[in-house]
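Descriptive structure summary
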Amino acid sequence: RVRRDDLDGAEADYARALDLYTAVQGNLGLATVHQARGDLRVRRDDLDGAEADYARALDLYTAVQSNLGLAHVHRARGDLRVRRDDLDGAIKAYLQALPLYQAAQGNLGLSNTLVELATVAAMQGDRARTTERLEQAEPLVEATHNAYGRKRIADLRRWLEQTR
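The rules we used
- Residues numbered from 1 in each chain as written.
- Predicted model: local features only at pLDDT ≥ 70, side-chain atom pairs only at ≥ 80, totals over all residues.
- Heavy atoms only, no water.
- Helix = DSSP H or I, 4+ residues; strand = E, 2+ residues; numbered from the N terminus.
- Rg over C-alpha atoms; globule rule 2.2 N^0.38 Å.
- Buried < 20%, exposed > 50% of the residue type's maximum accessible area, 1.4 Å probe, protein only.
- Areas by Shrake-Rupley, 256 points an atom, 1.4 Å probe, with all protein chains shown as cover.
- Lys, Arg positive; Asp, Glu negative; His and termini not counted.
- Charge placed at Lys NZ, Arg CZ, Asp CG, Glu CD.
- Salt bridge = Lys/Arg side-chain N within 4 Å of Asp/Glu carboxyl O.
- pLDDT = per-residue confidence, 0-100.
- 1 Å grid on protein atoms, 1.4 Å probe; cavity = no way out; pocket = protein on both sides within 12 Å on 5 of 7 lines; lining within 4 Å.
- Points joined across faces, edges and corners; volume = space filled by probe spheres on them.
- Nonpolar A, V, L, I, M, F, W, Y, C, P; charged D, E, K, R; others polar.

**Here we look at the overall build of the protein**
- When helices and strands are tallied, the protein shows eight helices and zero strands.
- Starting at the N terminus and ending at the C terminus, the protein contains elements arranged as α-α-α-α-α-α-α-α.
- Relative to the globule expectation of 15 Å for 164 residues, the C-alpha radius of gyration of the protein, 17 Å, shows essentially globular dimensions.
- Across its three principal axes, the protein shows a C-alpha extent of roughly 55 × 30 × 30 Å.
- Taken across its 164 residues, the protein has 46% of its residues classed as buried.
- Per element, the accessible surface of the protein, about 8,900 Å² overall, is 49% carbon and sulfur.
- Across the protein, the centroid of the 24 positively charged side chains sits 2 Å from that of the 25 negatively charged ones.

**As for the pattern of salt bridges**
- In the structure shown here, the tally under the stated rule is 18 salt bridges.
- A salt bridge links arginine 16 to aspartate 13; the shortest N-O distance between them is 2.3 Å. Taken together, the positions of arginine 16 and aspartate 13, both in helix H1 (residues 7–23) and three residues apart, correspond to about one turn of that helix.

**Let's talk about the confidence of the model for the protein**
- Confidence in the prediction for the protein averages 94 pLDDT; 98% of positions are at 70 or higher.
- Confidence, read as mean pLDDT per element, is least for H1 in the protein (87) and greatest for helix H3 (residues 47–63) (98).

**Digging into the layout of surface pockets**
- Here the largest pocket is characterised by a volume of approximately 200 Å³.
- Lining of the largest pocket is provided by Gln35, Asp39, Val42, Tyr54, His72, Arg75, Ala76, Asp79 and Leu80.
- Of all elements in the fold, only helix H2 (27–43) and helix H4 (67–83) reach the threshold of two or more residues within the lining of the largest pocket.
- Sort the elements by how many residues they give to the lining of the largest pocket and H4 lands first, with five residues.
- Split by residue class, the lining of the largest pocket holds four nonpolar, two polar and three charged.

Take a look at the structure:
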């Protein structure tokens, strides 16, 4: 329903899913739904609600030892902090995601997180750090055929050229 912009319907589906996973003590399912509901709440500009869902998802992913789930939530928390203009908090969250993506061999997530770190460095006006992060991200972006990453890298390269 989220893809069809039926956000109220998605919210209701998430509430039902949480009830069902709670009944069967399905921690992985609970974690996934909390993460998805956090994403939905970000779309609705309910950043505090999103933060609460992400915190719950982190607890549950920790309980089931899901490095990939933990990495995704840390990256989502980084994105949330960017929206709040907390760039230092975003960097911290993204850096927490990196080793988890590496452990889970989640190269697409790893490449996107490195691109986000480059973006934050650019937002801070740090050309050297932007370049460093781009150099880390580019091989992974190419290896994963990551169209999103390619576009973001091209945008950041243009920014580097314009701010010379």
